[in-house]
Amino acid sequence: MNRSSWSTLLDHLVDPAAVVPADHPGRAVAVGLHAECNWALLADLYRQQSEVARREQQHALALRFLLAESRVALRTGDRPRFLDTVVTLGQWHRLNGGSAEAEAWSRVLLREPLCAETARFHAHAWRELAALREVARRYDDGLACAERALEVCRRYADAPGVAGRHVRALLQTAAIQRLRGELVTARDLLREAREIAEARDADPFTRGLVALREGGLEAVLGRPQVALAAYRRAATAFEGVSENNLLYTRLREVAALRELGRLDGALLITTDLADRFRASGDAYRLGQVLLERAEVQQTRGDTAAVAATLEEARPYYERVDTLEALRWHRHVARNLLASGADGATAAGHLAVVLDRAGQPGRRDLNRTMLALYDLHRVPETDLVPPSLRHVAGRGALLAADLQRDAFGEPEVRWAMHAQREVVYQAAVLAHTGLDDPESTARIAETGRADVLNQLLAIRSGGSAGTISESRIDAPPADPGLADEVFAVARLAAGSIRSGRAPDRLALPPLPGRLPAPAVLDTMADVVVVVNVGGGPGGWWSSVLTRPRHGTWRVALRTAPAALASRLETLVAGVQLPPRGVSPAVWEELGAFLLPDPDVWAGSPDRPRSVAITPDPRLWHLPHGALLRDGAYLCDVAEVSLTPSLRTLELLLARSASAGPGPGPAGPAVSLLDRGLAGHQIEGAALDDWPGGHRPLAGLPLVDEVPDPALLYLSGHGDGAGAATLLGPDGVTMDSLAPRRLPPLVVLNGCWSGTASSRYGYDPLSLAVGALLAGADTVVAGIGRIGSEASAHVGAALVHQVGRGVPVGTALRHAQRQLRTERPDLGPFDWAGLCGVGVGR
């Protein structure tokens, strides 16, 4: 086109007669400005009218005004204004599903020579191209485009408008990495984005984008409360700045509210947003709302409502290849499984997800994990034989543990483990059903006490700082392990689509490890690992038992209805009532949690030593009070609890390397709460200690006592978990851990040995602090215990240990003696103190 023709075309494109409808209220003003050749005001008018049309949902007219503004800028040679308008045009098309048009406008920006004045436009264009690749799930290409944006930003860091573009390029890169399952990388990118935004005093819109992306990552990490707080920050930033992003932020809140159990509030948001998007004709956003609504309905167990919602969403997703389409296919499959419908149809939908999520350049580890888990749950059909279901479950387990193990921060690591509980528990059940006890034990042991075990391994005598914030230094995972997950996904998808079972199925490796048999033999006569889970079929236990010099065996038990209702509250951290629980309940718990006869094979005269790794949610249960055929466990066994088998292995190794302790010849030191009933009984027993008794004025003074044999603390405990305070001095887990403590520590108070009831989290308590500080065995309170009764148990324990009786034996004798003397007392009185650790 020659210059004359180009000029004529521009004249036509900026003419109000071609731009402004005849009945538009702004037409007369536009005609006047055009006649006066007042191009700047005409461009302003076109921009203003575009915004008005957008607010009134007149999208075609809004686009026409934007195009006209860009042509006016070209007509007058106002290059910056032209480029700003192109930015808006590209974003408008991307957000409204016009990917080809959005790409074309970005290419227009990239035709500009790169310099300080145009750097922000180049960075924007590359970021937009990355966003388009994200929607198309071309993740490798998207990361390449995002890196081009970041290169521009680094090169022109001080150029006008570049800081904000740098933040957005980092956010885009983080979003793609999150979708690929590279959650640590995504977290680091978001941290960098926030630092730049704060350092450069970013505008509210940019700050809102940072908070929005942070919320999305926190949701994936299993921290909905943190995610919701981030979304609320984003909403505040977008208020009055970006209605589109404000509405999207409200949509994102739905998932966080759902995870927090606030289902009514979540549904209200979806109803409001669905009405808005239907009215505006925004099919893209309406489809997203329907997917979120279906998730809430699924959580409520309303499969009919889910089916209706997914059917409404079908036209948007059935035949397209987008992220939302994969969500739709997986959700259809989940609802078919929940409603007991055709498993083959569900498998077909999952095959779509597995095929697309595992393609080169689109590797989405989290989505692949979830689809493999769902495939593992599909009832056996010709399309999904047992072997394929098993390999799918193993693939899901490996993917879940790769994500968990990538994080060094305990809180994130624990939250991810808890969020993926269904994957780990499904693996436990599957290997239990296959009668593969050693594999079951490895899975059950995975992640039981990561922080504690690392601190024991590297600090031996104590830990400085806050235990729950101590980083876990895990070596980087072998990249080939993720390849194995995607290989399973491709194999499963191909098998389902072809209708032919694969010839060969190589199982992905299991996570976790177990101590060697020789080490297990040193732990106790019987070693037990308890795992409890719940689902549509009710509560179940998978209990691993290994007798000394024997092999692992596994027992699966389903809780009867009456016990199931108690388990609901027990796993939520609610202690059994201190009085009034019938022997029948303790019998049911004994049969459910410790079903193997070897656990109960001892006798009052010849008890067996039993080391138990409790389910992470059942540390507030006095295991010595469990019954079997009328016999309490403490009648036939010396019971000790350990956070994990690895914990006990490390404690035994540390004890062996330290050599024999001072024994009763060393002094006993104490910090007693003299306001408690029974403190005089404890004081008298300590005064009778062979090596002498030294009361302390404060916990730090224990370090000044040479070679103490026993530390005895008493006081009220205020609750389970890492933050428990004990006694008038407020002794904490973190104040215990740095001390140099003797081999035996007694923490006589409520909750002192009780972890919070949270799956996936280290079972932290005051007792853990003492173990880290050098104690081999900690005798501590399991739940809320009676102060006077526990004083009697503690005093009898001290008396017998001082005479050379092993700790486990002495504790058992003290418990049985009090129960005999005071039959009116309840289990939390006489069995509320339990040995944690080595137990000797």
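The notes below deal with the structure included here. What you are looking at is a predicted structure, and each value in this text was computed from that prediction instead of being measured. (Residues numbered from 1 in each chain as written. Predicted model: local features only at pLDDT ≥ 70, side-chain atom pairs only at ≥ 80, totals over all residues. Heavy atoms only, no water.)

So, about the overall build of the protein chain. Tallying secondary structure elements over the protein chain gives 37 helices and 13 strands in all. Considered along the principal axes of its C-alpha atoms, the protein chain spans approximately 110 × 65 × 45 Å. By the burial criterion, 58% of the 840 residues in the protein chain qualify as buried. Taking as baseline every contact in the protein chain between residues at least 6 positions apart, the subset at least 24 positions apart corresponds to 70%. (Helix = DSSP H or I, 4+ residues; strand = E, 2+ residues; numbered from the N terminus. Buried < 20%, exposed > 50% of the residue type's maximum accessible area, 1.4 Å probe, protein only. Contact = heavy atoms within 4.5 Å.)

What follows deals with the packing of aromatic side chains. Taken as a whole, this structure holds 6 aromatic pairs when the rule is applied. Pairing Phe 205 with Phe 238 gives two aromatic rings, centres 5.8 Å apart and planes at 55°, and the pair type is tilted. Of the two residues, Phe 205 sits in helix 12 (residues 204-220) while Phe 238 sits in helix 13 (residues 224-238), which places them 33 residues apart along the sequence. The ring of Tyr 761 has Arg 758 sitting right over it, with the charged end atom 3.8 Å from the ring centre. Seen from the ring of Trp 830, Arg 819 lies directly overhead, with NZ or CZ sitting 5.0 Å from the centre. (Phe/Tyr/Trp six-rings, centres within 6.5 Å; stacked < 30°, edge-to-face > 60°. Lys NZ or Arg CZ within 6 Å of the ring centre and 35° of its normal.)

What follows is about the sheet that holds strand 11 (residues 744-748). Strand order in this open sheet of 11 strands is 3-2-1-4-7-13-12-11-10-8-9, and the pairing throughout is mixed. If you trace the sheet from one side to the other, it starts and ends with strand 3 (553-558) and strand 9 (693-695), each paired once. Strand-to-strand twist across the sheet, computed as the mean angle between neighbouring axes with direction ignored, equals 25°. In terms of strand pairing, strand 11 meets strand 12 (residues 777-781) through 4 bridges, oriented parallel. Following the sheet pairing, Leu 747 is matched in strand 12 by Ala 780. Across the sheet, helix 32 (residues 679-687) lies against strand 8 (668-671), strand 9, strand 10 (710-714) and strand 11, angled at about 170° from strand 10, the strand it touches most. Along the sheet, helix 35 (residues 787-802) contacts strand 10, strand 11, strand 12 and strand 13 (833-837); its crossing angle with strand 11, the most-contacted strand, is approximately 165°. (Pairing = 2+ DSSP bridges. Axes fitted to C-alpha atoms, helices over the stretch in contact; angles between N-to-C directions.)

To continue, consider the nonpolar core. Counting residues in each nonpolar core, the largest one holds 126 residues, and the members touching the most others are Trp 586, Leu 589, Leu 593 and Leu 594. Among the elements that line this core, the one with the most residues is helix 35, at 7 residues. Once you skip the residues sitting within four places of it in the chain, Trp 586 turns out to touch Leu 576, Val 581, Leu 621, Pro 622, Ala 625, Leu 626, Leu 627, Pro 827 and Phe 828. The next biggest cluster of nonpolar side chains, apart from the first, holds 123 residues, and it includes Ala 130, Phe 238, Phe 277 and Val 353. (Core = buried A, V, L, I, M, F, W, Y, C linked by side-chain atoms within 4.5 Å.)

The next thing to look at is the pattern of salt bridges. Taken as a whole and judged by the stated rule, the model has 58 salt bridges. Of the charged contacts in the structure, one is a salt bridge between Arg 187 and Asp 188, with a shortest N-O distance of 2.8 Å. Overall, Arg 187 belongs to the buried group, its relative accessible area being 13%. Looking at Asp 188, the relative accessible area reads 36%, which means it is partly exposed. (Salt bridge = Lys/Arg side-chain N within 4 Å of Asp/Glu carboxyl O.)

Looking now at the packing of helix 12 against helix 14 (residues 243-259). The N-to-C vectors of helix 12 and helix 14 enclose an angle of 20°; their axes lie 11 Å apart at closest approach. When the axis of helix 12 is compared with that of helix 14, the two are roughly parallel. In this structure, helix 12 crosses over helix 14, and the sense of that crossing is left-handed. Seen from helix 12, the contacting residues are Phe 205, Leu 209, Leu 212 and Gly 216; seen from helix 14, they are Asn 245, Tyr 248, Thr 249 and Arg 252. Its residues assigned to classes, the contact of helix 12 with helix 14 shows 4 nonpolar, 3 polar and 1 charged. (Parallel < 35°, antiparallel > 145°, perpendicular 65-115°, else oblique. Left-handed = near helix turned anticlockwise from the far one by under 90°. Nonpolar A, V, L, I, M, F, W, Y, C, P; charged D, E, K, R; others polar.)

What follows concerns helix 23 (residues 421-433). Given 3.6 residues per turn, any residue in an α-helix points the same way as the ones three and four places further on. Here helix 23 spans 18 Å end to end across 13 residues, near enough to the 18 Å set by a 1.5 Å rise per residue. All of the buried residues along helix 23 are Val 423, Tyr 424, Gln 425, Ala 426, Ala 427, Val 428, Ala 430, His 431 and Thr 432. Count one or two residues on from helix 23 and you reach Asp 435, which has phi positive near 55°. (Expected span 1.5 Å × (residues − 1).)

Moving on to the environment of Ala 235. Summarising the element assignment, Ala 235 is placed in helix 13. Given the relative accessible area of 13%, Ala 235 is considered buried. In this structure the C-alpha to C-alpha distance between Ala 235 and Pro 479, which are 244 residues apart in sequence, comes to 38 Å. Beyond its immediate chain neighbours, meaning those up to four positions away, Ala 235 contacts Leu 246, Thr 249 and Glu 253.

Let's shift gears to empty space enclosed by the protein. Applying the stated criterion across every chain, the model contains 3 cavities of 30 Å³ or more. Its volume calculated, the largest cavity comes out at about 130 Å³. Taken together, 18 residues make up the lining of the largest cavity; nearest its centre are Ala 444, Thr 446, Arg 448, Pro 616 and Tyr 759. When residues of the lining of the largest cavity are traced back to their parent elements, those giving at least two are helix 23 and helix 24 (437-445). Grouping the amino acids of the lining of the largest cavity by side-chain chemistry returns 11 nonpolar, 6 polar and 1 charged. Its volume calculated, the second largest cavity comes out at about 90 Å³. (1 Å grid on protein atoms, 1.4 Å probe; cavity = no way out; pocket = protein on both sides within 12 Å on 5 of 7 lines; lining within 4 Å. Points joined across faces, edges and corners; volume = space filled by probe spheres on them.)

Within the span of helix 29 (residues 583-593), buried status applies to Val 585, Trp 586, Leu 589, Gly 590, Phe 592 and Leu 593. Buried residues along helix 29 sit against strand 1 (526-535), strand 2 (538-547), strand 3, helix 28 (561-570), strand 5 (627-628) and helix 37 (827-830).

Attention shifts here to the side chain of Ser 644. Residue placement: Ser 644 occurs in the loop between strand 7 (637-641) and helix 31 (645-658). Classification of Ser 644 by relative accessible area gives buried; the value is 1%. Among the polar contacts listed, one links the side chain of Ser 644 to the side chain of Thr 647, at a separation of 2.7 Å. Those residues in contact with Ser 644, other than ones at most four positions away along the chain, are Glu 445, Arg 448, Ala 449, Asn 453 and Thr 613. (Polar contact = N/O pair within 3.5 Å; in protein donor to acceptor, adjacent residues only side chain to side chain.)

Burial analysis of strand 1 places 8 of its 10 residues in the buried class, the great majority of the element. Here strand 1 pairs with strand 2 via 10 bridges, running antiparallel. Residue pairing across strands places Gly 535 opposite Gly 538, the latter belonging to strand 2. Relative to strand 4 (residues 608-613), strand 1 is paired through 4 bridges, and the arrangement is parallel. When the sheet's bridge partners are listed, Val 526 is paired in strand 4 with Val 610.

A separate point is the environment of Gly 717. The topology assignment puts Gly 717 in the loop between strand 10 and helix 33 (733-736). Overall, the relative accessible area of 16% leaves Gly 717 in the buried class. C-alpha separation for the pair Gly 717 and Ser 752, spaced 35 residues apart in sequence, amounts to 6.3 Å.

A few words on unusual backbone geometry. Backbone geometry places Arg 137, a non-glycine residue, at a positive phi of 60°. Inspection of the secondary structure puts Arg 137 in the loop between helix 8 (119-135) and helix 9 (139-155). A positive phi is found at Asp 201, a non-glycine position, where the angle reads about 50°. Position of Asp 201 among the secondary structure elements: in the loop between helix 11 (183-199) and helix 12.

By themselves these figures say nothing about function.
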